[in-house]
Structures are given as C-alpha cells and as structure tokens.
Amino acid sequence: MSSTIKSPWLIHYDASSCNGCDIEVLACLTPMYDVERFGIINTGNPKHADIFLVTGSVNERNISVVRQIYEQMLEPKVVIACGICACSGGIFKECYNTLGGVDVAIPVDVYAPGCAVRPEAIIDAVVCGLGVLEEKRAALAAGELPPAELPELPTAADKQLDGVSVRDAAAAELHAEIRDE
Amino acid sequence: MTQTETATEYEYSQTAKPQVFIDTELSELRSKVEEYHERGWRYVNICGTALPDGQVELIYSFSDGLPLENLRVVVDTTTEVQSISDIFPNSFFFENETHDLFGVQFAGISIDFDGEFYTVSVPTPMNPRSSQAVAAVAEGAGSVGAEAGAEAGAAGDTKRGGRK
Amino acid sequence: MSQRTIIPFGPQHPVLPEPMHLDLVIEDERVVEAIPQVGFIHRGLEKLVTKKDYTQFVLVTERICGICSFGHSLGYSETVEALMGIEVPPRAEFLRVIWHELSRIHSHILWMGLLADGFGYENLFMQCWRLREQVLDILEATTGGRVILTACNVGGVEQDIENGELNGICQTLDGLRGEYNQLLKTFLKDKSVRHRLVGVGYLSEADARAAGTVGPFARASNIPEDIRSLGFGAYAALSGFEPITSKDGDGYARCEVRALEVLQSIDIIKELAEKIPDGAINQKVKGAPEDGSYAVSRLEQPRGECFYFAKGNGTKFLERFRIRTPTSQNIPGMVQTLQGCDLADVPLNVLTIDPCISCTER
C-alpha cells in the first residue's frame, strides 16, 4: 500500500447536474459525513487531484471542459460518476441537449447511482475508488498502465434515442409533414 | 382578456394569482413596452412557444408588485423583432435564449451572443419547424430523406394530440 | 495607461460549485468589464413537457435545481392548478409553505457557508454546513429525501406531517435558532468578516431597479419586493409579513438580509404550525388543461422571484412550460457590480448574488 491512497485529493466538477448531487458532494466534506477522515481533501486544481468526481450528464458545451480537466490530471487517476445523471443521463436522457452519462466523454471507474446520490453512496464510491487508484498506481509503477483512451467525441445530433438519432428523427418528422401537405 | 382598458380595471384579488393576457401586434410592441417602463413597471420574462406552423408566440411579462400583465405577440421566424434590451437591460438574457432555441430574429440586443448563447447542434430545438431548421433539413435532405418514411413512425411520439 | 488583459474565470473554479464562465477585462488589478457566458448546464428540460404528462412532469421540475427543488415543484403545481382551476385543500397549502420555508432555511445556511468558504473562513463554512444537516434531517424525516423531496404534486401534497411531528419540528428549530444566533454573531459582528464584505460589490437602489434585480439581492439594495408579502397560499394566514431589507447595497448587506431571513422563516414555520387546519391533504385531479388556456404564477424562491408560465392544449401533455428563475434576472446586476471591482473580489461578488446556474439554464 502506498502513500497515495492514504491522502487522495479530489476535484469536483458539475457537468450539468441539478445541484442536488453537488451539494451532497460538498456535504460529504463537512462535519456530518466528513470524508476528510480518510485524508481526502477537496482541491480546485486538476493537477493536484487523484480522484475526479463528476456530477451530472454531459452536454454539447461542457463535454470539452470535462475532457480537459481529465487530461490535466496526472496518472494514476480515478473517475467517479456521482448520481444517476452522471451514470446514464438519468431523467434528462431524453433531453435534446444531453449527450448521456459521463462515460461518453471520459472513461469512468466507479458509478454511484442515486437521485440525488446519498452521501453514504458517495463515501462508498470514493473508498471503492481508492482500491482502483491503488491498482493503477501499482500498474504504473510496474510500467504496465495503458495510456487512458478517450471515447470518440459525440455530438447531440448523433445522439441515439430508441435507435434513431435525434437529428434523423426531427428531419423525418418534418419530411413526413411536408409530404402530407 | 384582450383589451388594455379592461386589463387595467382588472380587480386583483389577494387570493387568486392575476392572469392577464393582452393580444398585441408586433408594430405596437415597443410602444407598449415603453409605456410599462414609464409607469415604473418591472420586466419579468420573455417566453417563446412554438406554434404548429413554425411561427412563435412570444409572451412578454411585466409586473408592478401584485399586478402582472402579459403581452402576447405572434411572430414569424423570418421577421426581425426589435429588441427591448435598451429599455429593460436584463431582457438580453431571454432574447438570446429565444433566438437560439426558437429561431426568432432579434435586432439590436445589448449583448448579442449571435447564436452562441447555448451550444446546441440541432438548430432551434424547441421549434423544429422554424425556417432555420427547415433550411438545415433541406440541406441534408439527400441522406435523410430516403429513410424518412420508415422512421416517421418511430419518431411519431413527438407529434402531439392537441394540434388540430 | 496600463495594458488591458482578459482573464477567463470559470467554468471550473474553486469558489463556484457550478460552472459559469466570465471573461474579465482587467486593467492592472481592476476589472473594467465582465462578459458572462452560460450554457454549460443547459439540458433542455422544458421540452420534456412533451414527453411526460402534467402529473409526471412535477418530478422533472424538482430536478431543475437540487437546492430550490421543493420550490420548483410547488411553483409548477400552482401554475397547473391555476391552468385547470383546481382548489387545493387548506392543510396542503400550509404544509407546502412549511416545506418551502424549510428549504429556504437550508438554502440560506448553505449559501452562508459557501460565502464563508469564499472569503477563506473555513471554520465558519464547516459550522454552517453542520447546522444545515439538522434541517436536512427534518426534510428526510418528513419526506424521505434529503434534497429532492418529491413532496408536492398537482392538487396537494404527497404526505402529511402529523401535528405531533410539527411540534417536534418547532422544537428542533428552536434549538437550531440558538446555535444559529452564535453563527449570526460571527457573520454580522466579526471584524474579519466585516472587513471582507463591507463595501464590496456596491449596487445602488436606482441601479438595482434599472437592472431589474430580484430577491435578497434587490432587498439588500433597499427594494422591498417579496412575493411572499402578496399573500398567496398559506402566506395569507400569517399575522404580518414584512420583507427584510437593508439600505447598504453591498456584500455585507446581502449577507445580512439572508441571515435574518433564516430567523424570519423559522418564525413563519412556527406560526403556521400553530394555525394549521385539519383536513384532506390532496385534491383528486382529473381531466386535462383546456386547449389554448394560459396560466402564470410567481413564487418567492430563496434566490428571489421565480416566474412560471404554462400553456395547455387539451391533452394530458402541456403545450409549453416555462420557468424564469431569479438568477437570470440578477446576472445583469452582478455584471454591474463587477465593473470597477478588484480582481480578488470577483469570486465574492459572484457569490453574493447566490447564483444558481442550473435553475437559470434548465
């Protein structure tokens, strides 16, 4: 066991969450739940962070921000998707501007579902993430950690809903209507 | 309620929330907004609603404490609507939003984001029949058009029962 | 003449729990202009109204914002009730206001904590958030959720709070008031806090009116506007309601207004818990909103006046639902306070309007 997981620093970014999960993430850091007892410190600088907590689904504008923060973090790093929106898009999956969960932008290691995610679930996910972090650290030390691969950049137009992309569905509806007239 | 005269006589009861909607022509809009400004009213909201034919119904809301009045204007997405951000500066927010989501053309917005307010890759997502969306579909018609018939059924859930 | 530089602020910034971008044009250390950019949280949930019927959509409105969650479901329900002409039972009206005021207490204490964090008073931040957990415990005990409550629906409320439980809540709030008063002393009297807040981000009454600000931001600039004073719903049963205002118009005034509103909310809850009538908590809702019917509704959220608009089309699906949130009204005022302030004060200025970006962009 290394010193890394004794005091992991985390960075939190709100992709397009409703705030519910964000305030629960912050609540974790405060006296009631207190993840600082695991040596965890919330930092604002991606270069200092080992754990990336993302809340909310990604959309057209913030996908590049999420990817940039991820790329700025140094290996070994762990990504935790907090809340059902970050896991899959949740209740907003059908919205036109939601591309889906965080895993469409960056590789995710731990999923913590819930709407809003409960602090206990976040603590559990972070502790689970520490195990992944240790594995990655060991692999990195042995020179066996493969470089992180980012998924292909999607756009809202290619977003699939019920097997049909959003743009095709809109176009098809419009065409059908013009033909009817 | 369609007349201004009746609207000002509207009895604002303390228990019911005021519901005043005044039909307005686009040409009269600015003078009416200026009138509210002179009376010391506060700008509340601009709300677009897509109509079935691709037009947009704009609702401008103004308030003075309890009284709340809404101007209703129907505009085409090809005609320019004069911005009211020189009268009420905070209207720039929703004018930009209405431009991005509904395709309404506003002229003279104080801070004009020029379509970059929200990043949306489907043009005018809230108003799929706006002229911009139709033009975008016409451009990419070759690839999509052939499958349109087959997919129309699957996409049918967006068609709404209330439109007659 | 010094050179002008543009400094990007956000979207990822330690002081902002939510993403928002500002382009700060600075001259030396002074901000000359600030250009806001939003859209990082735009989901497009107003369009979901075409996919969820009007009884289901209340669940979506709760998730517009996790902090004003109950307020949005309340505002939506009131709008649809106005659209369909539904009378809500009096007990439900009272319960709604009690939950809404509890949300206000937790939102304001949360904001005070963030402000303390913003000016580097870590200890105070922790104390605020510790205190806030007591309110969340009440919310969890009465509804089952900590932040997303699912307590309000069209026609009434989902569950009742027994009268005995209400008494318990009042006792908890009394205890909270004692601890809160100690915090209040630090916020309003402590020299280092005053040093950091007094005179920061000044906005005059005339400017605040011209910029159309709402909520505590406006009340701190001496504009006594509060939708609660119009007496909608159970607010009419209060013996008296006076909006809390301050004449100073700076960061300290905004802190003071919110801080005192917490005490006011405790009083409101205690008064309503005494006056609450017995009876049904839910009105059965049938049918659909008429074709071409319109309704508007306003509500005082923790951050200010929130405006709702709904249009029916004869089906169970609304034609359009619209939320105009307080932050979008306050952003022009915030930009004004930023002009001429020190670069180091920018985070505080942004915080003092209590921005809620996920409400704003929906």
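Residues numbered from 1 in each chain as written. Chains lettered and ligands numbered in written order. Predicted model: local features only at pLDDT ≥ 70, side-chain atom pairs only at ≥ 80, totals over all residues. Heavy atoms only, no water.

**Q** Let's hear about the overall build of chain A: which residues, and what values?
**A** Counting its secondary structure elements, chain A contains five helices and nine strands. Expressed as a percentage of the 181 residues in chain A, the buried residues total 57%. Across chain A, contacts joining residues at least 24 apart in sequence account for 81% of those joining residues at least 6 apart. Carbon and sulfur atoms provide 54% of the accessible area of chain A, an area that totals close to 7200 Å². (Helix = DSSP H or I, 4+ residues; strand = E, 2+ residues; numbered from the N terminus. Buried < 20%, exposed > 50% of the residue type's maximum accessible area, 1.4 Å probe, protein only. Contact = heavy atoms within 4.5 Å. Areas by Shrake-Rupley, 256 points an atom, 1.4 Å probe, with all protein chains shown as cover.)

**Q** An account of the interface of chain A and chain C is requested, with residue identities and associated values reported.
**A** Note on interface size: it is often stated as the accessible area lost on association of the parts. If you look at the interface, chain A gives 40 residues, while chain C gives 41 residues. Approximately 3300 Å² of surface area, both sides summed, lies buried where chain A meets chain C, with 63% of it carried by carbon and sulfur atoms. Of all residues in chain A, Ile 23, Arg 61 and Ile 91 of chain A bury the most surface against chain C, accounting for 17% of the area lost on that side. For Arg 118 of chain A, the salt bridge goes to Glu 140 of chain C, with nearest N and O atoms at 2.8 Å. At the boundary of chain A and chain C, one finds seven residue pairs in polar contact (both at pLDDT 80 or more). Those elements that place two or more of their residues in the side of chain A that touches chain C are β1 (9–14), α1 (20–29) and α2 (63–72) of chain A. Ranked by residue count, the leading element in the side of chain A that touches chain C is α1 of chain A, at seven residues. Class assignment for the residues of the side of chain A that touches chain C results in 22 nonpolar, 11 polar and seven charged. (Buried area = accessible area lost by both parts, 1.4 Å probe. Salt bridge = Lys/Arg side-chain N within 4 Å of Asp/Glu carboxyl O. Polar contact = N/O pair within 3.5 Å; in protein donor to acceptor, adjacent residues only side chain to side chain. Nonpolar A, V, L, I, M, F, W, Y, C, P; charged D, E, K, R; others polar.)

**Q** Break down helix α10 (residues 326–338) of chain C for me, with residues and values.
**A** Residues and elements named next belong to chain C. The first and last C-alpha atoms of α10 sit 18 Å apart over 13 residues, in line with the 18 Å expected at 1.5 Å per residue. At Pro 332, α10 shows its strongest bend, of approximately 30°. With 12 of its 13 residues buried, α10 lies for the most part within the structure. Listing the buried residues of α10 in full gives Pro 326, Thr 327, Ser 328, Gln 329, Asn 330, Ile 331, Pro 332, Gly 333, Met 334, Val 335, Thr 337 and Leu 338. Looking one or two places after α10, you find Gly 340, whose phi comes out positive at around 95°. (Expected span 1.5 Å × (residues − 1). Bend = angle between axes of the 7 residues up to and from the residue.)

**Q** So what about the environment of Ser 192 of chain C? Which residues, and what values?
**A** All names here are of chain C. Here Ser 192 shows up in helix α6 (residues 191–197). The partly exposed category is assigned to Ser 192, whose relative accessible area is 43%. Expressed as a C-alpha distance, the spacing of Ser 192 and Tyr 121, which sit 71 residues apart in the sequence, is 9.2 Å. At 2.4 Å, the side chain of Ser 192 and the side chain of Asp 190 are in polar contact.

**Q** How would you summarise the sheet that holds strand β1 (residues 4–9) of chain C if you had to cite specific residues and measurements?
**A** Residue and element names in this part refer to chain C. Spatially, β1-β2-β3 is the arrangement adopted by the three strands of the open sheet, whose pairing is antiparallel. In this open sheet, the two strands that pair with only one neighbour each are β1 and β3 (30–37). Averaged over neighbouring strand pairs, the angle between their axes works out to 20° when direction is ignored. For strand β2 (residues 21–27) and β3, the ladder comprises seven bridges, and the chain directions are antiparallel. The residue of β3 that forms the bridge with His 21 is Gln 37. The sheet contacts of α10 involve β2 and β3, and relative to β3 the element is tilted by about 160°. (Pairing = 2+ DSSP bridges. Axes fitted to C-alpha atoms, helices over the stretch in contact; angles between N-to-C directions.)

**Q** Hey, could you go over empty space enclosed by the protein for me, with residue numbers and the actual values?
**A** Rolled over the atoms, a probe as big as a water molecule pinpoints where empty space is left. If you walk through the whole model with that rule in mind, you get seven cavities of 30 Å³ or more. If you trace the largest cavity, you find 15 residues lining it, with Pro 17, Glu 18, Leu 114, Asp 354 and Pro 355 of chain C closest to the centre. Every element with two or more residues in the lining of the largest cavity is listed here: α1 of chain A together with α3 (90–118) of chain C. Take the lining of the largest cavity: its biggest share by element is three residues, from α3 of chain C. Looking at the second largest cavity, its volume works out to about 110 Å³. If you trace the second largest cavity, you find 16 residues lining it, with Glu 78, Val 97, Phe 232, Tyr 235 and Leu 299 of chain C closest to the centre. Listing elements by their share of the lining of the second largest cavity, those giving two or more residues are α2 (69–84), α3 and β6 (294–301) of chain C. In terms of residues, the lining of the second largest cavity owes the most to one element, α3 of chain C, which gives four residues. (1 Å grid on protein atoms, 1.4 Å probe; cavity = no way out; pocket = protein on both sides within 12 Å on 5 of 7 lines; lining within 4 Å. Points joined across faces, edges and corners; volume = space filled by probe spheres on them.)

**Q** Can you tell me about the pattern of salt bridges, naming the residues and giving the values?
**A** All names here are of chain C. This model, assessed by the stated rule, comprises 38 salt bridges over all chains. Arg 146 is the salt-bridge partner of Glu 133, the closest N and O atoms lying 3.1 Å from each other. Here Arg 146 lies in the loop between α4 (122–143) and β4 (152–153) and Glu 133 lies in helix α4, a separation of 13 residues in the sequence. Neither residue differs from the other here; Glu 133 and Arg 146 are each classed as buried. In the salt-bridge network here, residues are joined through shared partners; they are Glu 101, Arg 104, Arg 219, Asp 226, Arg 228, Glu 261 and Glu 300.

**Q** Provide a residue-level description of the sheet that holds strand β8 (residues 320–324) of chain C, including the pertinent values.
**A** Strand-to-strand pairing in sheets goes through backbone hydrogen bonds, with the strands running parallel or antiparallel. All names here are of chain C. Taking strand neighbours across the sheet as the criterion, the three strands line up as β6-β7-β8 in an open arrangement whose pairing is antiparallel. At either end of the open sheet lies a strand with only one pairing partner, and these are β6 and β8. Within the sheet, the average angular offset between the axes of one strand and its neighbour, ignoring direction, is 15°. Summarising the sheet, β6 and strand β7 (residues 304–311) pair through eight bridges and their orientation is antiparallel. Each residue of the ladder has a partner; that of Tyr 294, found in β7, is Lys 311. Lying over the sheet, α2 contacts β6, β7 and β8, oriented at roughly 150° with respect to β6.

Everything listed is a geometric property; what it means functionally is a separate question.
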